Amino acid sequence: MTAAVFFGCAFIAFGPAFALYIFTIATEPLRIIFLIAGAFFWLVSLLLSSLVWFVAGTTVGHKDGPVQKYLLIFGVLVSVLIQEAFRFAYYKLLKKANEGLKAINPEETAPSMRLLAYAFMTLVIILLHIFWGIVFFDGCEKKRWHTLLVVLLTHLLVSALTFISPHYGINLASAYTAMVLMGVWAFFVAGGSCRTLKLCLLCQDKDFLLFSQRSR
């Protein structure tokens, strides 16, 4: 039962992201490099967030009650701000790299439900970061700074949902609503349309089919 729960939650959390990697990233070496660079920026942002959390925790000390709760909220807000700042820095790096490339050319029911909730939340966070990145970079490219603010606010909103973790239904429903909205936005920002979606679903998209054949 433990192994089944583990693999089930792992596939729920990372399956769609792994599928996206296989079909959109793995076939292009340059995209793999960009993916590793993006992961590096994200890890550095988490390192700085952890450093801020450590300093704040050391300053406050081992106090109980509301102090720890407010410290947790402060840590989440700072972490989101740092992550979005590094996302902007990564965008700037990609712009420089693009210019350079152009120049070159039962008893376990409760625990299982909790683990499933964590798995589904991990899935939505992974997909949201993909959609946030697309929308964020488009906003930077077109100088639509309000778009960056929307990404920042939705990131803060989804992060704040973790504070109501016992209420898994509200948490997941809100997070998936945000994911669907951001996904639709990212789809149209990336050049998608109802027509292209229909062609893709009916396997009539010639560009996609040619790309798949070249990948093989």
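The structure contained in this document is the topic of the report that follows. (Residues numbered from 1 in each chain as written. Predicted model: local features only at pLDDT ≥ 70, side-chain atom pairs only at ≥ 80, totals over all residues. Heavy atoms only, no water.)

Digging into the overall build of the protein chain
For the protein chain, the count of helices and strands is eight helices and zero strands. The helix and strand sequence of the protein chain, counted from the amino end, reads α-α-α-α-α-α-α-α. Looking at the 216 residues of the protein chain, the share that counts as buried comes to 27%. Total accessible area on the protein chain is roughly 14400 Å²; 74% of this is exposed by carbon and sulfur atoms. (Helix = DSSP H or I, 4+ residues; strand = E, 2+ residues; numbered from the N terminus. Buried < 20%, exposed > 50% of the residue type's maximum accessible area, 1.4 Å probe, protein only. Areas by Shrake-Rupley, 256 points an atom, 1.4 Å probe, with all protein chains shown as cover.)

Here's the deal with the packing of aromatic side chains
Aromatic rings in a pair are described by how distant their centres are and how their planes are angled relative to each other. In total, this model carries eleven aromatic pairs according to the counting rule given. Judged by centre distance (6.3 Å) and plane angle (35°), the ring pair of Phe7 and Phe11 falls under tilted. One end of the pair is Phe7 and the other is Phe11, both in helix α1 (residues 2–25) and four residues apart, which spans about a single turn. By relative accessible area, Phe7 is classed as partly exposed at 46%. (Phe/Tyr/Trp six-rings, centres within 6.5 Å; stacked < 30°, edge-to-face > 60°.)

Quick look at the nonpolar core
Core analysis: the largest hydrophobic core is formed by 22 residues, its most contacted members being Leu128 and Met182. Only α4 (109–141), α5 (145–160) and α6 (168–189) provide two or more residues apiece to this core. Tallying contributions element by element places α4 first for this core, with eleven residues. Beyond its immediate stretch of four places on either side in the chain, Leu128 contacts Val158, Ala175, Ala178, Met179 and Met182. Core analysis: the second largest hydrophobic core is formed by six residues, Val78, Ile82, Phe86 and Tyr90 among them. (Core = buried A, V, L, I, M, F, W, Y, C linked by side-chain atoms within 4.5 Å. Contact = heavy atoms within 4.5 Å.)

Here we look at the pattern of salt bridges
Following the criterion strictly, the structure yields two salt bridges and no others. Between Arg87 and Glu84 there is a salt bridge; the shortest N-O distance is 3.0 Å. Of the two residues, Arg87 and Glu84 are both situated in helix α3 (residues 66–104); the distance of three residues between them amounts to about one turn of the helix. For the pair Arg87 and Glu84, one class covers both residues: buried. (Salt bridge = Lys/Arg side-chain N within 4 Å of Asp/Glu carboxyl O.)

A word on the packing of α1 against helix α2 (residues 29–60)
Across the interface, α1 lies against α2 with an axial gap of 9 Å and an inter-helix angle of 140°. Classified by the angle between their axes, α1 and α2 sit oblique to one another. Note on element contacts: α2 touches α1 through Arg31, Ile32 and Leu35, opposite Tyr21, Thr24 and Ile25. When grouped by side-chain class, the residues that make up the contact of α1 with α2 number four nonpolar, one polar and one charged. (Axes fitted to C-alpha atoms, helices over the stretch in contact; angles between N-to-C directions. Parallel < 35°, antiparallel > 145°, perpendicular 65-115°, else oblique. Nonpolar A, V, L, I, M, F, W, Y, C, P; charged D, E, K, R; others polar.)

Considering the environment of Ser50
Within the secondary structure layout, Ser50 lies in helix α2. Given a relative accessible area of 42%, Ser50 falls into the partly exposed group. For the pair Ser50 and Ser79, spaced 29 residues apart in the sequence, the C-alpha separation amounts to 8.2 Å.

Considerations on unusual backbone geometry
Notably, Lys143 is not glycine yet its phi reads approximately 60°, a positive angle. With respect to the helices and strands, the residue Lys143 is situated in the loop between α4 and α5. Exposure remark for Lys143: the relative accessible area of 54% places this residue in the exposed category.

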